[in-house]
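So the chains spell out like this:
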Amino acid sequence: MTIDYPDLYIRGGWARPSGDATIPVISPTTEQHIGSVPEGTDTDIDDAVDAARTALTEWASWSAAQRAEVLGRFADELESRAEDTATRVSSQNGMPITLARQFEGGFPPVLLRYYGEMAAKQEDEIRPGMLGGSTLVTRSPIGVVGAIVPWNVPQAITFLKLAPALAAGCTVVLKPSPETVLDAFLMAEAAIAAGLPAGVLNIVPGGRDLGAYLVAHPGIDKVSFTGSTTAGRAIGRTCGELLRPVTLELGGKSAAVILDDADLAANLESFYAATLLNNGQICWLGTRVLAPRSRYAEIVDTITDLAKGLTVGDPLSDATQMGPLVSARQRHRVESYIEKGKSDGGRVTTGGRRPDNTTHGWFVEPTVFADVDTGHTIAQEEIFGPVLSVIPYTDEAEAIAIANHSDYGLGGSIWTADPDRGAQFARGVASGTVGINGYSNDPTAPFGGIKSSGLGRELGPEGLASYQQLKSIYLDVR
Ligand code: NAD
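Please read all numbers here as calculations on a predicted model, not as lab measurements. (Residues numbered from 1 in each chain as written. Predicted model: local features only at pLDDT ≥ 70, side-chain atom pairs only at ≥ 80, totals over all residues. Heavy atoms only, no water.)

### What about the overall build of the protein?
Note the following rule: Only DSSP runs of H or I reaching four residues or more are called helices, and only runs of E reaching two or more are called strands; each is numbered from the N terminus. For every residue, the accessible area (1.4 Å probe, protein chains only) is compared with the maximum for its type, and the residue is labelled buried under 20%, exposed over 50%, or partly exposed between those bounds. Here the accessible surface of atoms and residues is derived via Shrake-Rupley with a 1.4 Å probe, and residues count as covered only by protein chains that are part of the display. By the counting scheme adopted, Arg and Lys are positive, Glu and Asp are negative, and His together with the chain ends is not counted. The location of each charge is read from NZ of Lys, CZ of Arg, CG of Asp or CD of Glu.
Per the secondary structure count, the protein includes 15 helices and 23 strands. On the principal axes, the C-alpha backbone points of the protein span a range of 65 × 65 × 40 Å. Counting all 478 residues of the protein, 58% fall into the buried class. Looking at the protein as shown, the accessible area adds up to about 18800 Å², and 52% of this sits on carbon and sulfur atoms. Averaging the positions of the 38 positive and the 57 negative side-chain charges in the protein gives two centres separated by 4 Å.

Here it is as structure tokens:
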């Protein structure tokens, strides 16, 4: 049975699309058609932005506590659909179901409650002045948000934007990625069941051109984008010209630095999560593994055994650790990088091919390259697949230099028996986030990149602040 939606979610209910094109959803595991949604047009975006603008006045006028109550109901409705959400995501993008339950089913309700409560606790500030008098500092919603998300972790990433934006009193037009639309439409069902007021959230799926149209739309006050650096630059150009606030969460090529005292074998589960999670399709993964020359052979063997031992297969099976890549195009991209890695002189220690036991599905074996130089293409460009490059270093100074030899700066991890040493090393890593002996985003801590990995931060109080406008009202002016 396929899942097919005939309408778009606009103005709090199902709205007839203006065009008749549809977006087909193909399973990356079976290569079968599993559903469809209408493909949005510019006219649908106009309609959705109009709905969001109309809703803004009232939603913004509610107290944050009233909004938090609605967001709590939205969280409850999402929670009751969490297993369905996880299944839809895994079926569309190949994410192992155990991870989809945690990230995609689990994370959105947590974020809605977290930001609902945070906004409800905020108060206007009266700041004593230096020149006599005082200033009343108020926060108001930034307005209508255009949110554009990728396919790799579609629900969690959507709620990194939706939860703080809605809590702040903004309204949103969301454009999901064409690969992952069925989870977005399930979210619309949850929004309807929760009684989210009409127009507060609107969902119009489509591709790059529709995204570009939304970004430049005169009715949008802020753009929040997660996706590739190439698209981020284009969006940044448009927003720069319009002086439109924008948050850009872009690509990565992070370093997992193994210090000479690390007991990697004791931390294999965490190392897998920090380097190969979600079939290698997460922006912050540490896909450049830096290993000390004094222990290079042993570390390459440990990582090779880890990759070899992963269970590759149906993402809907609880036992699966590595599912297929999202699309044939993505597999082609990953395979091209594997060929480039070989021709540049890297040595494949495991993987590098399609698994023997699969007749369909866009699978690539977990792949480890040894003898990679930091200048090699596979050590510099984002592959977005299960491919690790193990790069040797001589001392800590060289490790820092290699870790920072990247256009990107998003995630990373340090592996060591001495967490204080790890934290000290992490201070020198040019990146927005770094984990010690693991990597996991905490909702309370700001997340985002530097250099080509983006602009701005999500999560934590900073995530809420990026949807708020500050105003200073000078009181008792003398
Ligand atoms: P992508 O940039 O191709 O697409 C992302 C979204 O943007 C999609 O919805 C797409 O339709 C839309 N889009 C593409 N070009 C656009 C344009 N010019 N204007 C407006 N919208 C546009 O990325 P992808 O392949 O879907 O996702 C993978 C990329 O996302 C990787 O580079 C990954 O590192 C990055 N990513 C970053 C983060 C982060 O938090 N930094 C998180 C997840 C993924």
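### Concerning the UniProt feature "active site" (unreviewed entry) in the protein
For clarity, the cut-off: UniProt positions are given in the numbering used here, feature names are shortened, and annotations may be inferred rather than shown by experiment. Contacts: residue pairs with any heavy atoms within 4.5 Å of one another.
The sites that UniProt annotates as "active site" (unreviewed entry) are Glu249. Among the secondary structure elements, glutamate 249 is positioned in strand β12 (residues 246-249). Assessed through its relative accessible area of 3%, glutamate 249 is described here as buried. When neighbours within four sequence positions are excluded, glutamate 249 is seen to be in contact with Phe225, Thr226, Gly227, Leu410, Phe447, Gly448, Gly449, Ser453, Gly456, Arg457 and Glu458.

### Description of the layout of surface pockets
Note the following rule: With a 1 Å grid laid over protein atoms only, a set of points is called a cavity when a 1.4 Å probe fits there but cannot get out and a pocket when it is open yet has protein on both sides within 12 Å along at least five of seven lines; lining residues have an atom within 4 Å of a point. Grid points are joined across faces, edges and corners, and a volume is the space filled by probe spheres set on the points. Note that the domain bounds were set by an automatic or database domain assignment.
In this model, the largest pocket occupies a volume close to 1200 Å³. Along the walls of the largest pocket sit 40 residues, with Arg208, Phe225, Gly227, Ser228 and Ala231 positioned nearest its centre. At seven residues, helix α8 (residues 229-242) tops the list of elements feeding residues into the lining of the largest pocket. Here the lining of the largest pocket spans two domains, since at least three of its residues come from each of domain 1 (3-250 + 453-474) and domain 2 (255-443). Elements with a contribution of two residues or more to the lining of the second largest pocket: α4 (97-121), α5 (154-168) and α9 (268-275).

### A word on the site of the ligand
The line we're drawing: One heavy atom within 4 Å of a molecule or strand is enough for the residue carrying it to be called near that molecule or strand. Think of a polar contact as two N or O atoms within 3.5 Å of one another; within protein, one of them needs to be a possible hydrogen donor and the other a possible acceptor, and neighboring residues in sequence only count if both atoms come from side chains. For this analysis, a molecule is said to be in a pocket or cavity if more than half of its atoms are within 2 Å of the grid points defining it. In this classification, Asp, Glu, Lys and Arg are treated as charged, Ala, Val, Leu, Ile, Met, Phe, Trp, Tyr, Cys and Pro as nonpolar, and every other residue, Gly included, as polar.
Not every one of the 27 residues close to the ligand is listed here, only the nearest: Val149, Lys175, Ser228, Leu250 and Glu382. Contact distances for the ligand include 3.0 Å between an oxygen atom and a side-chain N or O atom of tryptophan 151. The separation between an oxygen atom of the ligand and a polar side-chain atom of serine 228 is 2.6 Å. Alone, the ligand offers 850 Å² of accessible surface; in the complex the protein occludes 89% of this. Among the cavities detected, the one that contains the ligand is the largest pocket. Secondary-structure elements contributing two or more residues to the shell around the ligand are α7 (208-216), β11 (222-226) and α8. For the shell around the ligand, the element with the highest residue contribution is α7, accounting for three residues. For the shell around the ligand, the per-class residue count stands at 14 nonpolar, nine polar and four charged.

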